[in-house]
Amino acid sequence: MRENTKKLILLHRSIHNHGGASHRLCFLASLSFFSFASVFTLITTRTTIPTATTVITSSAAESASSSFSSLPEHVFHALLHYASISNSTSVTGRMSSAEINSIAAVLRRCNSTPCNFLVFGLTHETLLWNSLNRHGRTVFVDESAYFVSKFEEKHPEIEAYDVHFATKVSDLHKLIGDAREQRRNECRPVQNLLFSECKLGINDLPNHLYEVAWDVILVDGPSDYYEEAPGRISSIFTAGVLARSKRGGAAKTHVFVHEFHKEVEKVCCGEFLCGENLVEAKDLLGHFVLEKVVNADDGFQFCLNSSSPSSIHNG
């Protein structure tokens, strides 16, 4: 009987190991390549990031510089031109071209150094003043709460506050007499008006406004066309005190008073702004420059010379 013969085929291990070594080498080569690529990418990325950052920073700086650049000269003069044309009619209360240009010449300097500009009265020129003081802060004060509310609703970029004026045009000389009596007390030239009891001082503005170092102040309100009107007595007194009492900012404050040829304005300018401080008169606009008081001993005198109302002349 023939025996069944089984054949056993043995596969030598070297057959499989040879193929595995080949795959392993490919894997190691690939791993080395990707490792090198990763390291190279990291190095080059770290090198180029600062360059990109520099470009971005430079771009941002240029953008910031552009946003804070001066109002272009042609735009500045265009605003003045059209404002002057619109004011060329004989409408009471509007400023002439010469008056507008006098104030604009001072505000022009605020394009390089932002100015704090306080304006008494919401008038035909309100939007012009806010535009010319492009990078500064312009605040308007008016006697009419209704007018302030409506104006801010229509022009939300305007910062305006309503104030109650307790004075009357008919009480001018009595109020001046009372202020003289209180010159070393409640109505002194240097003080924080927020805590003042002087009848001429405006003390109901938002608290923070009394801490602002005003560079330019324009008195063009409130109304003064009839005996019971509040007049500009308080506005002129307050402007004089704010200019002398400021703690920071420039040493000098430019104070403009519109229609300063009228009795109330003429008397109050002579009493609180002083003839020696009048530097220019254009039509019905008086331009005063007041210095802040540093020496406390000088804080009880408004004028160096006892100027009377007649010492103020309009040109």
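See above for the structure.
If you're wondering where the values come from, they're calculated on a predicted model, not measured in any experiment.

Quick look at the overall build of the protein chain
When helices and strands are tallied, the protein chain shows eight helices and seven strands. For the protein chain, the residues scored as buried account for 39% of the 315 residues in total. Considering only intrachain contacts with a sequence separation of at least 6, the fraction spanning at least 24 residues in the protein chain is 70%. Surface accessibility of the protein chain: about 18200 Å² in total, with carbon and sulfur atoms responsible for 57%.

Here's the deal with the state of the cysteines
Every disulfide links exactly two cysteines, by a covalent bond between their sulfur atoms. Per the counting criterion, the structure on display carries three disulfides. Across a sulfur-sulfur distance of 2.1 Å, Cys-187 and Cys-198 are joined as a disulfide pair. Between Cys-187 and Cys-198, the disulfide has an S-S torsion of 95° and is therefore right-handed. Placement of Cys-187 in the loop between helix H6 (172-181) and strand S4 (216-219) and of Cys-198 in the loop between H6 and S4 is noted, with a sequence separation of 11 residues between them.

A few points about the environment of Leu-273
Within the fold, Leu-273 resides in helix H8 (residues 263-273). A relative accessible area of 0% places Leu-273 in the buried class. Beyond its immediate sequence surroundings of up to four residues, Leu-273 is in contact with Ile-236, Gly-240, Arg-244, Val-255, Val-257, Cys-268, Phe-288 and Leu-290.

Focus: helix H3 (residues 97-108)
For H3, spanning 12 residues, the distance from its first C-alpha to its last is 16 Å, which sits close to the expected 16 Å at 1.5 Å a residue. Among the residues of H3, Glu-99, Ile-100, Ser-102, Ile-103, Ala-104, Val-106 and Leu-107 are the ones counted as buried.

Details of the side chain of Ser-245
Turning to its location among the elements, Ser-245 is positioned in helix H7 (residues 233-245). What makes Ser-245 buried here is its relative accessible area of 19%. If sequence neighbours within four positions are ignored, Ser-245 has contacts with Pro-189, Val-190 and Gln-191.

The rules behind the values
- Sequence order sets the numbering: in each chain, residues are counted from 1 along the sequence as written.
- Predicted model: local features are reported for residues with pLDDT of at least 70 only, side-chain atom pairs are reported and counted for 80 or more only, and whole-chain, interface and lining totals are derived from all residues.
- Calculated side-chain values reflect all of the structure's heavy atoms, with hydrogen atoms and water omitted.
- Secondary structure follows DSSP: runs of H or I at least 4 residues long count as helices, runs of E at least 2 residues long count as strands, and numbering of each begins at the N terminus.
- Three labels apply to residues, based on accessible area from a 1.4 Å probe with only protein chains included: buried if under 20% of the type maximum, exposed if over 50%, partly exposed otherwise in between.
- By the convention used here, residues are in contact when the closest approach between their heavy atoms is within 4.5 Å.
- Accessible surface is estimated by sampling points in the Shrake-Rupley manner with a 1.4 Å probe; for residues, cover comes only from the protein chains shown.
- Cysteine sulfurs are considered disulfide-paired once they come within 2.5 Å of each other.
- Multiplying one less than the number of residues by 1.5 Å gives the expected span of a helix.

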